[in-house]
Amino acid sequence: WSSDVCSSDLALADIEKLNATADVLILGRNRRDIDSFICREIQVVDYKRILHKDIPKMQLKYSTVHGSKGLESDFVVLISGEDADNGFPNKTEDDAVLDLLLGKKNSYEYAEERRLFYVALTRTKSIVYLLSDKEKSSQFIQEIKNKCFIMHDETAQKEEKEYPHFIIIHLL
């Protein structure tokens with residue numbers, strides 16, 4: 001992507017075609033994930049409300065996935081789709097003292113992270129856009145990609161009658 005194009009432009013342009021006044025919830029794994037979302041067209045207000053100069057009628061809000069529990073929005077854009085320490089799953093090791101307090105770990109790998117990813121996927125009334133680097137997609141995105149429409153660029157076409165629930169956008 002050039003520096004003139006936001007990583008979220010494909011998702012927001014697609015949403016605008018469907019509903020220019022939609023409520024869109026931008027979700028990150030961590031509070032500072034929104035920093036990677038910022039570009040010339042986007043202004044973040046108090047790390048919650050987002051203004052996009054080209055789509056002023058769209059209601060854009062940011063939250064961490066933890067903070068989104070109980071929320072619902074017309075569309076969701078998950079911006080933490082990379083296989084990284086702070087992506088999904090978060091691979092940062094817990095503190096040794098915390099491990100002592102929590103006791104035995106769940107035998108299912110990344111069980112708590114899977115529950116959190118589920119929360120992210122279920123905050124929408126219609127479509128979840130999963131943003132990820134094509135070369136470094138999250139393990140969780142890899143696991144569900146056969147159930148997703150994969151959009152690489154603006155030339156990707158979809159039949160509106162058969163709109164998928166999950167759309168993966170690979171950032172080139």
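Everything that follows concerns the structure shown earlier in this document.
Reading guide: rules and limits
- Residues numbered from 1 in each chain as written.
- Predicted model: local features only at pLDDT ≥ 70, side-chain atom pairs only at ≥ 80, totals over all residues.
- Heavy atoms only, no water.
- Helix = DSSP H or I, 4+ residues; strand = E, 2+ residues; numbered from the N terminus.
- Buried < 20%, exposed > 50% of the residue type's maximum accessible area, 1.4 Å probe, protein only.
- Areas by Shrake-Rupley, 256 points an atom, 1.4 Å probe, with all protein chains shown as cover.
- Pairing = 2+ DSSP bridges.
- Lys, Arg positive; Asp, Glu negative; His and termini not counted.
- Salt bridge = Lys/Arg side-chain N within 4 Å of Asp/Glu carboxyl O.
- Polar contact = N/O pair within 3.5 Å; in protein donor to acceptor, adjacent residues only side chain to side chain.
- Contact = heavy atoms within 4.5 Å.

Asks: How should I be thinking about the overall build of the chain in this particular structure?
Replies: Helix and strand content of the chain: four helices and eight strands. Ordered by position from N to C terminus, the α and β elements of the chain give α-β-β-β-β-β-α-α-β-α-β-β. Looking at the chain as a whole, 42% of its 172 residues are labelled buried. Carbon and sulfur atoms form 50% of the exposed surface of the chain, whose accessible area is close to 9900 Å².

Asks: How do you make sense of the pairing of strand β3 (residues 49–52) when you look at a structure like this?
Replies: Within a regular strand, side chains alternate between the sheet's two faces. Residues of β3 alternate between two faces, with I50 and H52 buried on one and R49 and L51 left unburied on the opposite face. Direction of pairing for strand β2 (residues 42–45) relative to β3: antiparallel, over a ladder of four bridges. The partner of V45 across the bridge, within β3, is R49. In the sheet, β3 pairs with strand β4 (residues 59–64) via two bridges, with the strands oriented antiparallel. Directly across from R49, in β4, lies its bridge partner K61. Hairpin geometry of β3 and β4 is characterised by an intervening segment of six residues between the two adjacent antiparallel strands.

Asks: Which parts of the structure should I look at to understand the side chain of R123?
Replies: Tracing the chain through its elements places R123 in the loop between α3 (111–121) and β6 (124–133). This buried residue, R123, is left without a salt bridge; E72 holds the nearest opposite charge, at 7.1 Å. A polar contact of 2.8 Å, which involves the side chain of R123, links it to the backbone oxygen of V119. Once residues lying within four places of it in the same chain are set aside, the contact partners of R123 are L25, L27, S68, K69, G70, L71, E72, S73 and V76.

Asks: It is not clear to me how unusual backbone geometry should be interpreted in this structure. Could you clarify?
Replies: One can expect most non-glycine residues to show negative phi and most peptide bonds to be in trans. For the bond running from F88 to P89, omega is -5°, close enough to zero to count as cis. Relative to the assigned elements, P89 resides in the loop between β5 (73–78) and α2 (96–102).

Asks: Looking at this model, I keep getting lost on the pattern of salt bridges. Mind explaining?
Replies: Any two side chains of opposite charge can pair, on the condition that their charged atoms come close. In total, this model carries four salt bridges according to the counting rule given. Two residues, R115 and E112, come together in a salt bridge whose shortest N-O distance is 3.2 Å. Of this pair, R115 and E112 both sit in helix α3, three residues apart, which is roughly one turn of that helix. Here R115 falls in the partly exposed class, since its relative accessible area comes to 44%. By relative accessible area, E112 is classed as partly exposed at 46%. The residue E143 makes a salt bridge to R114 at a minimum N-O spacing of 2.7 Å. Highlighted residues: E143 in helix α4 (residues 139–144) and R114 in helix α3, separated in sequence by 29 residues.

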